[in-house]
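# Observations on the three-dimensional arrangement
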Amino acid sequence: TQLYISDLAAWCGIEFVDRNLNPLNYSHRVYLNKKEIKELTIPEGITKIKKHAFSQATNITSLTINNDVTSIDNSAFYGCTALVDVIFGNKLASIGIFAFYECSSLESIELADGITTIGEYAFAGCSKLEEIKLPENLQIIKNSAFSGCGNLSDITIPSKVEIIYGNAFDRYSESPLTIVITTEYPPLSYVGSFPQNTTLVVPDESFDLYGVLPWSNYDIIPFSGTGPEKCADSEIIYRDGKFIFSCQTPDVDFHYSVTSEDFKQKQTGGQMEVTATYQVTVYATKAGYEKAGTVTKSITITRMPTADLNNDGTVNAADAVKIVNIIMDKEVYPKE
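Residues numbered from 1 in each chain as written. Predicted model: local features only at pLDDT ≥ 70, side-chain atom pairs only at ≥ 80, totals over all residues. Heavy atoms only, no water.

## With respect to the sheet that holds strand 1 (residues 3-5)
Taking strand neighbours across the sheet as the criterion, the three strands line up as 1-2-3 in an open arrangement whose pairing is mixed. Taken across any chain shown, the strands that pair with only one partner, and hence form the sheet edges, are strand 1 and strand 3 (35-36). In this structure, strand 1 lies alongside strand 2 (residues 30-32), joined through three bridges in parallel fashion. What sits directly across from tyrosine 4, in strand 2, is tyrosine 31. (Pairing = 2+ DSSP bridges. Helix = DSSP H or I, 4+ residues; strand = E, 2+ residues; numbered from the N terminus.)

What follows is the structure in structure tokens.
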């Protein structure tokens, strides 16, 4: 039920022939010198993270890979479902099969420029993944490398990519995907490498080369110069009980999140004053355009609702929760 180790470097040196032979497959938590590992840093001197090394370690929330590591082997971080942040070392050259499979809390990754190959299913099932920066020296994206990453809205294929294998970006999602291809010639690709609702943005001088299968299955937009135009940054305002987003680039899609930073309540007689501070984050996307920068704004809202909104006979915290839900458009304000 629990796994205790005393030497992290020694643990990294173990070769697990099969994932089921790693005790983490059963304990899901690892302790170093009796302290639970949540922020994992691979020790200096380790050059390879071996097969299944931290597979199913669901207590790891962040990972820092040192600059000595050149490869991450198969299933090394398979099923690390709490992993949110990864810092990749600058000597990393390859990522193996299932390396980060179903790391379902991972939101963004920036891969080291030395990586030339991303293995099969390497980031498959990373369902919260919204942003990927692929390395400049990447040459091969293998089968299903990013399949099931349904939150991805756009991605740029670097100029040295030669092969994109089947189902590389199969997302199991109805939301559209924009892929900017910066290679001089179309990379070797397979039918099904991209979802059907994909828009490809390609260099103007290469546009005619995309008139054959599999490329002709997709909407194709040419760009000139060094890359597509970038969406303008969004503006956020609060008016008439709603958050409103706007952008100088027309017909964009807004991607936003709203979290409550601070909540206060003050009862006076039969009324309750509710004050809430929100962190609002938004960015805009549009097919054929580079994604806009992320904008964050703090907005404080005060309201004086009528007493007893939920009709339970008292004015209490439940009424405060209800008014916050109304502000967030999760409930309809009750009629007078």
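Past the structure itself, the notes keep going.
## Thoughts on the environment of lysine 48
With respect to the element layout, lysine 48 can be found in strand 5 (residues 48-49). Note on lysine 48: relative accessible area 33%, which makes it partly exposed. Sequence separation between lysine 48 and serine 71 is 23 residues, and the spatial gap between their C-alpha atoms is 5.2 Å. Ignoring any residue separated from it by four or fewer positions in sequence, one finds lysine 48 in contact with Cys12, Ser71 and Asp73. (Buried < 20%, exposed > 50% of the residue type's maximum accessible area, 1.4 Å probe, protein only. Contact = heavy atoms within 4.5 Å.)

## Considering the packing of aromatic side chains
In total, this model carries 21 aromatic pairs according to the counting rule given. An angle of 5° between the planes, with centres 5.7 Å apart, marks the rings of phenylalanine 54 and phenylalanine 77 as stacked. One end of the pair, phenylalanine 54, is in the loop between strand 5 and strand 6 (62-64); the other, phenylalanine 77, is in the loop between strand 7 (71-72) and strand 8 (85-87), and 23 residues separate them in sequence. One exposure class covers both phenylalanine 54 and phenylalanine 77, and it is buried. Where tyrosine 78 meets tyrosine 101, the ring centres are 5.1 Å apart and the plane angle is 35°; that geometry is what we call tilted. Placement of tyrosine 78 in the loop between strand 7 and strand 8 and of tyrosine 101 in the loop between strand 9 (94-95) and strand 10 (108-110) is noted, with a sequence separation of 23 residues between them. The two residues tyrosine 78 and tyrosine 101 agree in class, both being buried. Here the aromatic residues Phe54, Phe77, Phe88, Phe100, Phe123, Phe146, Phe169, Phe194, Tyr210, Trp215 and Tyr218 are joined through ring pairs into a cluster of three or more. Cation over ring: arginine 19 sits above tyrosine 78, and NZ or CZ is 3.9 Å from the ring centre. Across the ring face of tyrosine 283, the terminal group of lysine 291 is positioned such that the distance to the ring centre comes to 4.6 Å. (Phe/Tyr/Trp six-rings, centres within 6.5 Å; stacked < 30°, edge-to-face > 60°. Lys NZ or Arg CZ within 6 Å of the ring centre and 35° of its normal.)

## Section: the layout of surface pockets
Within this model, the largest pocket holds a volume of roughly 570 Å³. Forming the boundary of the largest pocket are 24 residues, of which Ile132, Lys133, Asp154, Thr156 and Glu290 lie nearest the centre. Among the elements of the structure, strand 10, strand 12 (131-133), strand 14 (154-157) and strand 16 (177-181) are those that each provide at least two residues to the lining of the largest pocket. Here the second largest pocket defines a volume of roughly 360 Å³. Along the wall of the second largest pocket there are 21 residues; nearest its centre are Asn151, Ser153, His255, Tyr283 and Thr285. Taken together, the residues that form the lining of the second largest pocket break down as seven nonpolar, 10 polar and four charged. (1 Å grid on protein atoms, 1.4 Å probe; cavity = no way out; pocket = protein on both sides within 12 Å on 5 of 7 lines; lining within 4 Å. Points joined across faces, edges and corners; volume = space filled by probe spheres on them. Nonpolar A, V, L, I, M, F, W, Y, C, P; charged D, E, K, R; others polar.)

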